[in-house]
Amino acid sequence: MTDSEYVEKGRQSRHKRVIPSRKSPHVPAQALGYLIQPIRLLQLLLDAPPDSVATLEVFEDVGLESGAGNKVASQVKTGLVKNPLTDKSPELWKTLANWCDAIDRGELDPETAIFEIYVAKPRKGKLAALFHEARSPEEAESAIKAARVSLSKDAVGDKQPLSEAKTYAKRVLKHPHLATLIQNFRITAAAVNPLADLRPLVATKWIRPESVDLVIYHAHGWLNLEELERAAERTDPAPPSFDRELERVQTAVTQNTEKLQGVRIRRAALENQSAHA
């Protein structure tokens, strides 16, 4: 059985165990957000310097820290239900507010950190684009001014309570380090989808085309296992479903590890035969 056939067989067996349930418009988006985080982490790891440390849910959804202490703080958004980059998106302004708070706590340095919003599908926003394109202090200040003007237009004569987005924006636009943050802000959107974007990145790392899916399957499963085991160490009581999921992931990782080892043994044997031919 080839590597790709093995992965496909695993997918089919998982599909057979799916139990239909009532659909919710929110659960798929939330579940997808958690699944995308390890994929984005893998994408960053493939191009990271050797001394880098990658994290999940530490100082951001996905984090990368170099040996010199420089950080990439990546906030992962699905974009499945709503556009998180619109001018009035609560997600956009809440993310910026959280980064401002992290700066105040000393967790992120606005001078050296990269502040990234990663979206799993192409999305656009006028103010978000201005922030993304600003690289100089002048461009950052101009983008901030445009944000103030845009958000103040709706406020004229409006006696209604501030929306969630404007509540966060009010805090953000007063932050003393906002201009520096904006200069290091970037938007990264999936060209196709996160997994499809990951395959060519893995393939460039001397991975045989037929083994790409197996390597991703194995690495993604290992990351999920690490997250589950870390969560298991917390003092909060875990629901029964947690143990079942942990056992499932552990079994999958063990099977994939054994399969990958078999691939390595076969490859070594073929190379040995070629050397003596």
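The preceding data block contains the structure.
What comes next concerns the included structure. (Residues numbered from 1 in each chain as written. Predicted model: local features only at pLDDT ≥ 70, side-chain atom pairs only at ≥ 80, totals over all residues. Heavy atoms only, no water.)

1. A word on the packing of helix α4 (residues 126-133) against helix α5 (residues 137-153)
The contact between α4 and α5 brings their axes to 8 Å, and the two run at 165°. Judged on the interaxial angle alone, α5 and α4 are roughly antiparallel. Along this stretch, α4 crosses α5, giving a crossing that reads as left-handed. On α5, the residues touching Leu127, Leu130, Phe131 and Glu133 of α4 are Glu139, Ala143, Ile144, Ala146, Ala147 and Ser150. (Axes fitted to C-alpha atoms, helices over the stretch in contact; angles between N-to-C directions. Helix = DSSP H or I, 4+ residues; strand = E, 2+ residues; numbered from the N terminus. Parallel < 35°, antiparallel > 145°, perpendicular 65-115°, else oblique. Left-handed = near helix turned anticlockwise from the far one by under 90°. Contact = heavy atoms within 4.5 Å.)

2. Some thoughts on the packing of aromatic side chains
Under the definition given, this model contains 4 aromatic pairs. Seen from their ring centres, Phe131 and Phe185 are 6.3 Å apart, and the 85° between their planes marks the pair as edge-to-face. Of this pair, Phe131 sits in helix α4 while Phe185 is found in strand β5 (residues 185-189), placing the two residues 54 residues apart along the sequence. Since its relative accessible area comes to 1%, Phe131 is described here as buried. The class for Phe185 is buried, based on a relative accessible area of 0%. Aromatic rings pair up to connect Trp93, Trp99, Phe115, Phe131 and Phe185 into one cluster. In this structure, Lys71 packs its charged tip against the face of Phe59, placed 4.7 Å from the ring centre. (Phe/Tyr/Trp six-rings, centres within 6.5 Å; stacked < 30°, edge-to-face > 60°. Buried < 20%, exposed > 50% of the residue type's maximum accessible area, 1.4 Å probe, protein only. Lys NZ or Arg CZ within 6 Å of the ring centre and 35° of its normal.)

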